[in-house]
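# Working through the structure, step by step
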Amino acid sequence: MLKRMLLGLILTVTFLGCGGEQNRLHVFTWANYVGDEIRTGFESEFGVRVVVDVFASNEDLLAKLKSGASGYDVIMPSDYMVAIMVKENLLSPLDLSKIPNFNNISGQFLKRDFDPENRYSIPYTWGTAGIGYDSSVVNPPPDSLSALWDKRYSGKFSMLDDQRESIGAALKLLGYSVNSTDLRALAEAKAKLIEQKPLVKQYKNEADEILGSGDVVMAHCWSGDAFRAAARRSSIKYVIPKEGATQFIDTVCIPASAPNKAAAAQFINYLLRPKINAKVTEFTKYGTCVPAAREHLPDALRNHPGIYPPEEVLNKLESLRDLGEFTRNYDRAWTEVKAK
Ligand code: SPD
């Protein structure tokens, strides 16, 4: 242990001092997704400086990568976006011999339709998109997506600034699939979001920040972000609406253009160590894909019913899928909602 720490210190002084690109790892991820403990732990053990930048949505990440020369070594797209990026040749195939901790991942998160052989992606965390709310204000507790159209909360709640998630919520409320490729269903969902718009205080993905600060009393948000807000303000609760919700797997990938693929693989392997992966859950409050990480978690997180919902709730969840050419209809609908 002492030897490893000394080696880490020597590497840190040597490599961080040199400051060359070889000794830097550029991570592009969601807000509040890679904690400082993870970043500095990797830096001191491997002598590679980790620079973390954040994006707000999968579509923003895609646009950045497509614009070329991003300089990122590690990115964290969600499930359906992996499929899109593979088609666009934006990802580098993974060399699993450099990621032996791949074996720590539970089979239930592998070989999914968005990357059937896990050639390009490693699962990072998983979660859901539901409703976070301040139970001291929002009463009775919401159990339906219709709460997000309730005039009593006008100007007091936020929606995800995410085209697939927000259109998905409207589609679900109307009884459609979040992956609908029916133009009429999409038009209805768009009209529903336009009807809702005057009530919405803010479109924002970092709901942990605005729910936790009390800026909004209710938010269409991702589960972990609601639980992060609850750690700050104990009256915050989270519910999966009765109509159902989306479930996502966020992944770790190496862009085709990554300057430092070797350090990227090292970082991914590091994230998959059970103890480190448990720290990811502690920080993000999303579900782990590494079963052995759960034994390193405090009881409250190990069996948290919101992070690991029961079977009857899981059965109501739907994953977002790549919709191919039809995606442009979602792009257009979302632009129209935002422009109103
Ligand atoms: N603060 C971290 C948020 C991570 C959200 N993942 C988004 C999944 C989108 N389908």
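As the structure is a prediction and not an experimental result, all values here were calculated from the model.

### Observations regarding the site of the ligand
Lining the immediate environment of the ligand, one finds Trp 30, Ala 31, Tyr 33, Asn 58, Ser 78, Glu 165, Trp 222, Asp 225, Phe 248, Asp 250 and Tyr 286. Take Ala 31: an N or O atom from its main chain is 2.8 Å from a nitrogen atom of the ligand. For the ligand, a nitrogen atom lies 3.0 Å from a polar atom in the side chain of Asp 225. In isolation the ligand has 340 Å² of accessible area, and contact with the protein removes 98% of it. When atoms are counted within 2 Å of each cavity's grid points, the one that captures over half of the ligand is the largest cavity. Partitioning the shell around the ligand into residue classes produces six nonpolar, two polar and three charged. Two domains share the shell around the ligand, each providing at least three of its residues, namely domain 1 (22-126 + 248-306) and domain 2 (127-247 + 314-339).

### A look at the sheet that holds strand S2 (residues 49-55)
Taken in spatial order, the three strands make up an open sheet running S2-S1-S3, and their pairing is parallel. Either end of the sheet is taken by a strand with one partner, and the two such strands are S2 and strand S3 (74-75). Both strand S1 (residues 24-30) and S2 contribute to a ladder of seven bridges, which runs parallel. Each residue of the ladder has a partner; that of His 26, found in S2, is Val 51. Here helix H2 (residues 36-46) sits on the sheet in contact with S1 and S2, set at roughly 150° to S2.

### Considerations on the pattern of salt bridges
Evaluation of the coordinates by the stated rule reveals 18 salt bridges. Put simply, Asp 322 and Lys 87 hold a salt bridge, and the shortest N to O gap is 2.7 Å. Pair noted here: Asp 322 is in the loop between strand S11 (317-319) and helix H13 (327-339) and Lys 87 is in helix H4 (residues 79-87), with a separation of 235 residues, a long-range link. A relative accessible area of 24% means that Asp 322 is categorised as partly exposed. Under the relative-accessibility criterion, Lys 87 is labelled exposed at 53%. By sharing partners, the salt bridges in this structure join Asp 36, Arg 39 and Glu 43 into a single network.

### A look at the packing of aromatic side chains
Overall, the coordinates contain 17 aromatic pairs when judged by the stated rule. Pairing Phe 109 with Trp 126 gives two aromatic rings, centres 6.0 Å apart and planes at 35°, and the pair type is tilted. Of this pair, Phe 109 sits in the loop between H4 and strand S4 (122-134) while Trp 126 sits in strand S4, placing them 17 residues apart in sequence. Each member of the pair, Phe 109 as well as Trp 126, is classed as buried. What links up through ring pairs into an aromatic cluster is the set Phe 28, Trp 30, Tyr 33, Phe 55, Tyr 72, Tyr 124, Trp 222, Phe 248 and Tyr 286.

### Examining the layout of surface pockets
In this structure, the second largest pocket spans a volume of roughly 300 Å³. Along the wall of the second largest pocket there are 15 residues; nearest its centre are Ile 84, Glu 88, Gly 324, Thr 327 and Asp 331. Those elements that place two or more of their residues in the lining of the second largest pocket are helix H3 (58-66), H4 and H13. The element best represented in the lining of the second largest pocket is H4, accounting for four residues. Looking at the lining of the second largest pocket residue by residue, the classes come out as four nonpolar, two polar and nine charged. Taken domain by domain, the makeup of the lining of the second largest pocket includes at least three residues from each of domain 1 (22-126 + 248-306) and domain 2 (127-247 + 314-339).

### Side note on the packing of H2 against helix H9 (residues 261-271)
Two elements in contact, H2 and H9, have axes whose closest approach is 11 Å; the angle formed by their N-to-C orientations is 120°. Judged by the angle between their axes, H2 and H9 are oblique. Two packed elements cross with a definite hand, and for H2 against H9 that hand is right-handed. Taking contact as the criterion, the partners of Ile 38, Gly 41, Phe 42, Glu 45 and Phe 46 in H2 are, on H9, Ala 263, Gln 266, Phe 267, Tyr 270 and Leu 271. Taken together, the residues that form the contact of H2 with H9 break down as seven nonpolar, two polar and one charged.

### Quick word on unusual backbone geometry
Cis geometry marks the peptide bond from Asn 139 to Pro 140; its omega dihedral reads 0°. With respect to the secondary-structure elements, Pro 140 resides in the loop between S4 and strand S5 (157-159). For Lys 111, which is not glycine, the phi dihedral falls at a positive 55°. Counting through the fold element by element, Lys 111 comes out in the loop between H4 and S4. Phi at Asn 118 is positive, roughly 50°, even though this residue is not glycine. Position of Asn 118 among the secondary structure elements: in the loop between H4 and S4. Overall, Asn 118 belongs to the buried group, its relative accessible area being 5%.

What counts as what
Residues numbered from 1 in each chain as written. Predicted model: local features only at pLDDT ≥ 70, side-chain atom pairs only at ≥ 80, totals over all residues. Heavy atoms only, no water. Near = heavy atom within 4 Å. Polar contact = N/O pair within 3.5 Å; in protein donor to acceptor, adjacent residues only side chain to side chain. Areas by Shrake-Rupley, 256 points an atom, 1.4 Å probe, with all protein chains shown as cover. 1 Å grid on protein atoms, 1.4 Å probe; cavity = no way out; pocket = protein on both sides within 12 Å on 5 of 7 lines; lining within 4 Å. Sits in = over half its atoms within 2 Å of the grid points. Nonpolar A, V, L, I, M, F, W, Y, C, P; charged D, E, K, R; others polar. Domains from an automatic or database assignment. Pairing = 2+ DSSP bridges. Helix = DSSP H or I, 4+ residues; strand = E, 2+ residues; numbered from the N terminus. Contact = heavy atoms within 4.5 Å. Axes fitted to C-alpha atoms, helices over the stretch in contact; angles between N-to-C directions. Salt bridge = Lys/Arg side-chain N within 4 Å of Asp/Glu carboxyl O. Buried < 20%, exposed > 50% of the residue type's maximum accessible area, 1.4 Å probe, protein only. Phe/Tyr/Trp six-rings, centres within 6.5 Å; stacked < 30°, edge-to-face > 60°. Points joined across faces, edges and corners; volume = space filled by probe spheres on them. Parallel < 35°, antiparallel > 145°, perpendicular 65-115°, else oblique. Left-handed = near helix turned anticlockwise from the far one by under 90°.

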